[in-house]
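Chain by chain, the residues:
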Amino acid sequence: MKWRKLLPPLALLLAAGAIGLLAFLALRTQAVDNTLHLQRLHQIRVVDALDVGLNRAVTQVGVSTMVNVTNDRATTTAQLGDALDALEQGPTALRGLSPALDAALDSFLDTVESKFELAFDFEARNILANQRLIAGIDAVPVTADDVLAAADAATQDTQDTVASLLRQLRSEVNTFGVVQTPVNEDRIRALLDQLDTLAPEQPEAFAAALRKLRARSADVIADKQELVGRLGTFLARPTAPQLQAVEQAYMDWHGAQVAVANQYRLWLAAYAAILLLVLAWLGLRLRRSYRDLDRANDELSHANEHLEEQVEARTHDLQAALNELQASQAQLIQSEKMASLGQMVAGVAHEINTPLGYARSNAEIVRTSLADIRSLVGAQTRALNLLTQDEASDDDIAQALSAAQAIAESIGAAELAEELDTLLGDTDHGLAQISDLVGSLKDFSRVDRSRTDLFDVNDGLEAALKICNNQLKHRIDVVKSYARLPAIECSPSQLNQVFLNLFNNAAQAIEGEGKLYIHTAPGPRGIAIRILDTGSGMSDDVRARIFEPFFTTKPVGKGTGLGLSIVFRIIEDHGGHIDVRSTPGKGSEFAIHLPLKQARTDASATSAEALAA
């Protein structure tokens, strides 16, 4: 019936779980935010465009000597820094999405940072380089005019040739300094070489001016190559492919998220199909339940018409079953009582027979020794009689005394007297043992219907030990630790039955030699008794059932399973409790607590007495 009470909350729990799982699957299908995905891709495109703009701005700053775009470069750098921060943090951040994406992003950011440093350094150095380059370009026409002036003494054809070569040189130098990636260095050097071929026919001033012109042209070439080299180092930073790697890592992560969402969509579809099937099955079951309910209502209506007859018949059957159960219970309790009584009688008989046996043996020895003492007394009496008779001769007296002496020496009169004293002492000890055992048996089995008797539990334990001594001696060492206990209100015979039952169980649990520990101690509201044995112990399953009526681990016919059940009932009726601890292979411990005073009704006391009787 208990599990039926759990059905409604269990059904609610299952329904809540089903709805929760459905909500979880639906939520997981929405794990991919397409709007955020497009924003992240747009942010990557912005970074790419700003990176290209930075390259363009730095290229213009570094190569062109006619345009000042430093402010554009600073603006682009600031915008690129903000865009990079957006990749690191914020709603469109890529950081933390996946280890591969983090690694690609770190590589790209490191390269961009080094690129920023190169741009700042390039801008600082570019001012001087541009100034030198402009100065060199401006110096070339002046130096060319000096060369042309030094050729005044030459022929008109030579002057025309020099002038033509100088015009071409000025044009090539200007082109070399202005274009972003000059390719006419060889043309400049070739024109200078052609001018050199004319120098031997000209005066020394022409050669000197020509050397100066060559130096100015070389300065322009060196400054321009320095600017182009730094720009090439800046542009060589692989930000573009690294940004592509970042985008590819992000697309891989997004693809994985889409795949997971698609997988959850499949699971959601399958789960929805299962829920539909379950709902259909529940609908069929509900329809069948309604049909069964209608049928049950019809049967109930029919049964109500004959309810009194059925109740009377069932009451008669239950009463008969109760009577039979009570008879069986009484018979089983009687059987358990007889079994315990048989064990007790066997032990008591053995304990009585042992001292009784050697007492009878000692009596037989005494009887035999008395015959020898009578012979000695008779011989000594005859000798004394002869001594008192006047007519007795000395020879007769001497013979009588010799005969008495011979008998005394043959039986060892002094030693025999000491032996008789010892035998009589042993016999008296045996009889005292028998008397003590009978007294313990009398105290143990006394009938006391009152729960207000004052009883010393230590005495009860001792009486129970004497009763079952036959099962304990020679193989089980009893270790007693009795504290001074106050007398408690109880039924002594019932408690004695508890102790005897526990001792017998301990003796049966110990195979071969072992130990039995008995401890008593007073408590604030009663007394505590602990009985421990070194027997085979019990498993947790057995320990949990040992107080159940009719439960036994003994073979069929060896026990009724009522011993510990009666123990539990007696202790419970006395207002106490019993706990059991056991370890397989090591032994068991029974801990009993009994109150000092009883607070039981007469009816309950009478029922406990009837159970133990």
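Engineer: Before we go on, may I ask you to explain the overall build of the chain in this structure?
Structural biologist: Within the chain one finds 18 helices and seven strands. Looking at the chain residue by residue over its 613 residues, the buried ones come to 35%. A separation threshold of at least 6 residues defines the contact pool for the chain, and within that pool the share at least 24 residues apart is 76%. Accessible surface for the chain amounts to roughly 35800 Å². Of this, 57% is attributable to carbon and sulfur atoms.

Engineer: Looking at this structure, how should I read the pairing of strand S7 (residues 587–595)?
Structural biologist: The side chains of a regular strand alternate, residue by residue, between the two faces of the sheet. Most of S7 is tucked away: seven of the nine residues are buried. In the sheet, strand S5 (residues 526–533) pairs with S7 via eight bridges, with the strands oriented antiparallel. Across the sheet, Asp533 pairs through a bridge with Ser588, a residue of S7. Here strand S6 (residues 577–583) runs beside S7; their pairing, made up of seven bridges, is antiparallel. Looking at S7, one finds that Val580 is bridged to Phe590. The hairpin formed by S6 and S7 contains three residues between the paired strands, and Gly585 there has a positive phi angle of roughly 85°.

Engineer: Explanation requested: the pattern of salt bridges in the structure shown.
Structural biologist: Opposite charge on two side chains allows them to pair when their charged atoms are near. Overall, the coordinates contain twelve salt bridges when judged by the stated rule. Between Arg211 and Glu204 there is a salt bridge, with the nearest N and O atoms lying 3.3 Å from each other. With respect to burial, Arg211 and Glu204 carry one shared label: exposed. Residue Arg530 pairs with Glu589 through a salt bridge whose shortest N-O separation is 2.8 Å. With Arg530 in strand S5 and Glu589 in strand S7, this residue pair connects regions lying 59 residues apart in the sequence. What makes Glu589 buried here is its relative accessible area of 11%. Residues joined in a network through salt bridges with shared partners are Asp193, Asp196 and Arg214.

Engineer: Quick question: what am I supposed to make of the nonpolar core here?
Structural biologist: One recurring pattern in soluble globular proteins is that nonpolar side chains are buried together. Val457, Phe499, Phe503 and Ile529 are the most contacted members of the largest nonpolar core, which totals 39 residues. Those elements giving two or more residues to this core turn out to be helix H13 (457–467), strand S3 (488–490), helix H15 (492–509), strand S4 (514–522), S5, helix H17 (563–573), S6 and S7. The element contributing the most residues to this core is H15, with eight residues. If we skip the residues at most four places from it in the chain, Val457 touches Leu485, Ile488, Phe499, Ile527 and Ile529. Among the nonpolar cores identified, the runner-up in size contains 26 residues, and Leu133, Val140, Ala144 and Val147 belong to it.

Reading the values: the criteria
Residues numbered from 1 in each chain as written. Predicted model: local features only at pLDDT ≥ 70, side-chain atom pairs only at ≥ 80, totals over all residues. Heavy atoms only, no water. Helix = DSSP H or I, 4+ residues; strand = E, 2+ residues; numbered from the N terminus. Buried < 20%, exposed > 50% of the residue type's maximum accessible area, 1.4 Å probe, protein only. Contact = heavy atoms within 4.5 Å. Areas by Shrake-Rupley, 256 points an atom, 1.4 Å probe, with all protein chains shown as cover. Pairing = 2+ DSSP bridges. Salt bridge = Lys/Arg side-chain N within 4 Å of Asp/Glu carboxyl O. Core = buried A, V, L, I, M, F, W, Y, C linked by side-chain atoms within 4.5 Å.

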